[in-house]
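Fold and contact review
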Amino acid sequence: MTDSHTSDPHQQQGLSDILAKDLDVVFCGINPGLRSAADGHHFVNRSNRFWRVLHQAGFTPDEIAPQDGRRLLLYGCGLTTAVARPTAGADDLATSEFLDASQELSDTIRRFAPRYIAFLGKAAIAAIQRNRELPWGLQPTTFGGARVWVLPNPSGRNRAYSLDELVCAYRMLRAESQGELPVCMFG
């Protein structure tokens, strides 16, 4: 499996994508936080539950440290962001930024051809599809040729979901991507 240290303009001001061809799932964050952009690694803020949730949901055999994020490729997963511009919070993004970035993101997903793209939170996909009424989970649409899944954002700022609820939601995607029956119900 060859990975991409992309020079894609989509990532020039943010973080490098962690992508390879034909992955099972590409997780798509909203945009990099300021600390992640400064450190050069996805989800470095200790309050963010992304790496813990991935492990507990069964995507990885152990909890990956942000600086070892490229290990995701070993488990058929990748990582990108909907918008490359780092901000202190996702609320600092305008809807137009999601729309402006959507074609480039779609082209990236089409080029790497994962089976699923999992949007972390509804903000990006809702803006792109101009549909604020999206349910959690598998969507009836595709994006860049990949099946779309919407997961709760694991950000430490998103306390609407407990760790157990996040793990359950991510386990449902894991089960779907592996052709297994879900072991819990979310949404």
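Here, every reference points to the structure presented above.
For clarity, every value in this text was computed on a predicted model and none was experimentally measured.

Along its 18 residues, helix α3 (residues 95-112) runs 25 Å from first to last C-alpha, staying within 8% of the 26 Å computed at 1.5 Å per residue. Serine 102 marks the point of greatest bend in α3, at about 40°. Listed in full, the buried residues belonging to α3 are Glu97, Phe98, Ala101, Ser102, Leu105, Ser106, Thr108, Ile109 and Phe112. Just past α3, the residue alanine 113 takes up positive phi, approximately 55°.

The next point concerns the sheet that holds strand β4 (residues 77-81). One open sheet accounts for 5 strands, arranged β4-β3-β5-β7-β6; its pairing is mixed. In this open sheet, the two edge strands, each paired with only one partner strand, are β4 and β6 (137-143). Within the sheet, the average angular offset between the axes of one strand and its neighbour, ignoring direction, is 30°. Here helix α5 (residues 163-177) sits on the sheet in contact with β3 (25-29), β5 (116-120), β6 and β7 (146-151), set at roughly 160° to β7.

Here we take up unusual backbone geometry. Its identity is not glycine, yet phenylalanine 43 carries a phi of approximately 55°, on the positive side. Within the secondary structure, phenylalanine 43 sits in the loop between α1 (34-39) and α2 (50-56). Non-glycine residue arginine 130 carries a positive phi angle of around 55°. With respect to the element layout, arginine 130 can be found in the loop between α4 (123-129) and β6. Residue arginine 130 is classed as exposed on the basis of its relative accessible area, which comes to 65%.

Taking burial as the measure, the 6 residues of β7 include 5 buried ones, the bulk of the element. Relative to β7, β5 runs parallel, the two sharing 5 bridges. Opposite phenylalanine 119, over in β7, you have valine 150 as the bridge partner. Two elements, β6 and β7, share 4 bridges in a ladder whose sense is antiparallel. For phenylalanine 143, the partnering residue across the bridge sits in β7 and is alanine 146. Where β6 hands over to β7, the hairpin turn is made up of 2 residues, of which glycine 144 adopts a positive phi near 60°.

A word on the side chain of serine 106. Considering the arrangement of structural elements, one finds serine 106 in helix α3. Residue contacts for serine 106: discarding those within four places in its chain leaves Phe143 and Gly144.

A few words now on the pairing of β3. The element β3 is largely enclosed, with a buried count of 5 among its 5 residues. Covered by surrounding structure in β3 are Val25, Phe27 and Gly29 together with Val26 and Cys28, the residues of both alternating faces. In this sheet, β4 lies alongside β3 in parallel orientation, the contact comprising 5 bridges. Note on β4: the bridge partner recorded for valine 26 is glycine 78. Bridge count for β3 against β5 is 4 bridges, and the pairing is parallel. Considered in β5, the bridge of valine 26 is made with isoleucine 117.

Criteria and cut-off values
- Residues numbered from 1 in each chain as written.
- Predicted model: local features only at pLDDT ≥ 70, side-chain atom pairs only at ≥ 80, totals over all residues.
- Heavy atoms only, no water.
- Helix = DSSP H or I, 4+ residues; strand = E, 2+ residues; numbered from the N terminus.
- Expected span 1.5 Å × (residues − 1).
- Bend = angle between axes of the 7 residues up to and from the residue.
- Buried < 20%, exposed > 50% of the residue type's maximum accessible area, 1.4 Å probe, protein only.
- Pairing = 2+ DSSP bridges.
- Axes fitted to C-alpha atoms, helices over the stretch in contact; angles between N-to-C directions.
- Contact = heavy atoms within 4.5 Å.

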